[in-house]
Amino acid sequence: MNKFYSAINIKDESELKTFAKVSGVKLTKLKYYSKEMIYPHKEDLKKILLATEQSEIEFKLKLGIVDNKIKEFLANHSSEISKFFKQEPPKTELVEIEPVFQTEKGKLFQSDCIPLMRSLPNESVDLIFADPPFNLNKSYESGVNDKLSKEEYLQWTEDWVMECVNLLKEGGSLFIWNLPVWNTYIAEILNKHLTLRHWIAADVKYSLPIQNKLYPSHYALLYYTKGEKPNVFNTERRPLEVCRHCGGDIRDYGGYKDKLNPMGINLTDVWYDISPVRHSKYKTRTSNELPLKLLERVITLATNEGDTVFDPFGGSGTTYIVSEILKRKWIGCEIGPIETIKERFNDIEFHKGVLDNIDDSKNILFSDATKKLRKKNNHWLPETLKINNKEPRENLPTQVELFPKA
Ligand SMILES: C[S@@+](CC[C@H](N)C(=O)[O-])C[C@H]1O[C@@H](n2cnc3c(N)ncnc32)[C@H](O)[C@@H]1O
């Protein structure tokens, strides 16, 4: 039941028109408040409270809006209020779910991820990577409903996110890939339980330009840790960005060229090098496959060999194939068909080749091809500048200072 309709004492949308007339609030505004779960603006609020004869606190509580004043009241009266709640029964008996596919390192379950997570031991996983459906009315092979109301989607999201929190070990990391708008809500849930390390923006254009809006150009990748510090943080360094045609600098490094770390540039929280999967061999028809590079980076960053990785939304199994190749244990889950995942494991050698190439392009200032191009066009190279490899990097200016604005 839509919370907003309940709060204004109507049953469904058909009664909204009458309510608009009675209250004097525009129908379009009422639709907006209910669909987007937005608290009515002041003048509309007054009219709604008058028409429904209730106090603002009652209205807020009906909408589930708990501001700091209400929180304080609840905290001060927790003992009396808690008596209104029945004792939660212990978690229903755990369902035994059998894996449908196994490899040397991993187990894949064909299941709804929520019961599966409940059946796994609490605090048993080192890394969770989740790429859920975005509620964009996409059609998935599994037939899951990808057009829930905002309220339903957020309720479902809270349910699986909280299971992830339970499953994560102390010091373990949770990454959630989603549209920025959904990750604002997920961050609000997670901020109460885990420590935010980064909101990573992955620069990937994912829709056509939309009128009256900025061109959507990044996915949000939330990165949280259970507890204060991650157990593992293996960051990588990236090559310097250069002109694709001549290999020349595209930024002005001022007098700092010779101070650049020959192992490359620090990885930042804006990732420009995650391109959508284009390879015909890779792009399975329906699975919304993520690039191997993204999973290679996340898994390497947050785990060591032998650690356990879990991904509740398998799709084509990108997380699982990367985990297997990088020698991590993995637990997989997909509610729909799992044939694509199995097929990927038949092709593991091909995927290993791609990961090798990714590995070769890390922790260097220039690739061999770039070096050749720069040499040809007389651009500086570490050896021509005699980069001082012995100087401790911590004595160098920060990266911001290394890239003064032109
Ligand atoms: C966006 S895709 C994940 C793609 C994946 N990251 C990849 O690289 O191939 C989301 C997947 O989650 C699955 N899914 C949706 N709801 C689920 C649920 N409740 N439990 C398990 N899987 C679910 C869908 O069938 C779909 O394959």
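Bear in mind the structure is a predicted one, so any value in this text is a computation, not a measurement. (Residues numbered from 1 in each chain as written. Predicted model: local features only at pLDDT ≥ 70, side-chain atom pairs only at ≥ 80, totals over all residues. Heavy atoms only, no water.)

For Y140, the position within the fold is in the loop between β3 (125-130) and α9 (150-167). The exposure class assigned to Y140 is partly exposed, which follows from its relative accessible area of 21%. Along the primary structure Y140 and R237 are separated by 97 residues, whereas in three dimensions their C-alpha atoms are 36 Å apart. Apart from residues no more than four positions distant in its own chain, Y140 is found in contact with P133, F134, D146 and N288. (Helix = DSSP H or I, 4+ residues; strand = E, 2+ residues; numbered from the N terminus. Buried < 20%, exposed > 50% of the residue type's maximum accessible area, 1.4 Å probe, protein only. Contact = heavy atoms within 4.5 Å.)

Considering all chains together, one arrives at zero disulfides under this definition. Counting only cysteine sulfurs, C243 is the nearest neighbor of C246, a cysteine outside any disulfide, at a range of 3.6 Å. According to the relative accessible area criterion, C246 is partly exposed, its value standing at 30%. (Disulfide = S-S within 2.5 Å.)

Further remarks concern the nonpolar core. Judged by nonpolar contacts, the single largest core of 41 residues is most densely connected at F129, F175, W177, L221 and L294. Here this core takes seven residues from helix α11 (residues 292-302), the largest share from any one element. Contacts of L221, omitting those with residues within four sequence positions, involve F129, F175, I176, W177, N183, H198, W199, I200, W271, L294 and V298. Grouped together as the second largest cluster of nonpolar side chains are 28 residues, I114, A130, A187 and L190 included. (Core = buried A, V, L, I, M, F, W, Y, C linked by side-chain atoms within 4.5 Å.)

Turning next to the domain arrangement of the chain. According to the domain assignment, the chain contains domain 1 (3-82) and domain 2 (101-360). One C-alpha centre belongs to domain 1, the other to domain 2; they are set 37 Å apart. Contact with domain 1, which involves four residues of that partner, is made by four residues of domain 2. Summed over both sides, the interface of domain 1 with domain 2 buries roughly 400 Å², with 49% coming from carbon and sulfur. It is K3, E36 and M37 that lose the most area in domain 1 upon contact with domain 2, and together they represent 83% of the buried surface on that side. Where K3 meets E151, a salt bridge forms, and the shortest distance between an N and an O atom there is 3.9 Å. Its residues placed into classes, the side of domain 1 that touches domain 2 shows one nonpolar, no polar and three charged. (Domains from an automatic or database assignment. Buried area = accessible area lost by both parts, 1.4 Å probe. Salt bridge = Lys/Arg side-chain N within 4 Å of Asp/Glu carboxyl O. Nonpolar A, V, L, I, M, F, W, Y, C, P; charged D, E, K, R; others polar.)

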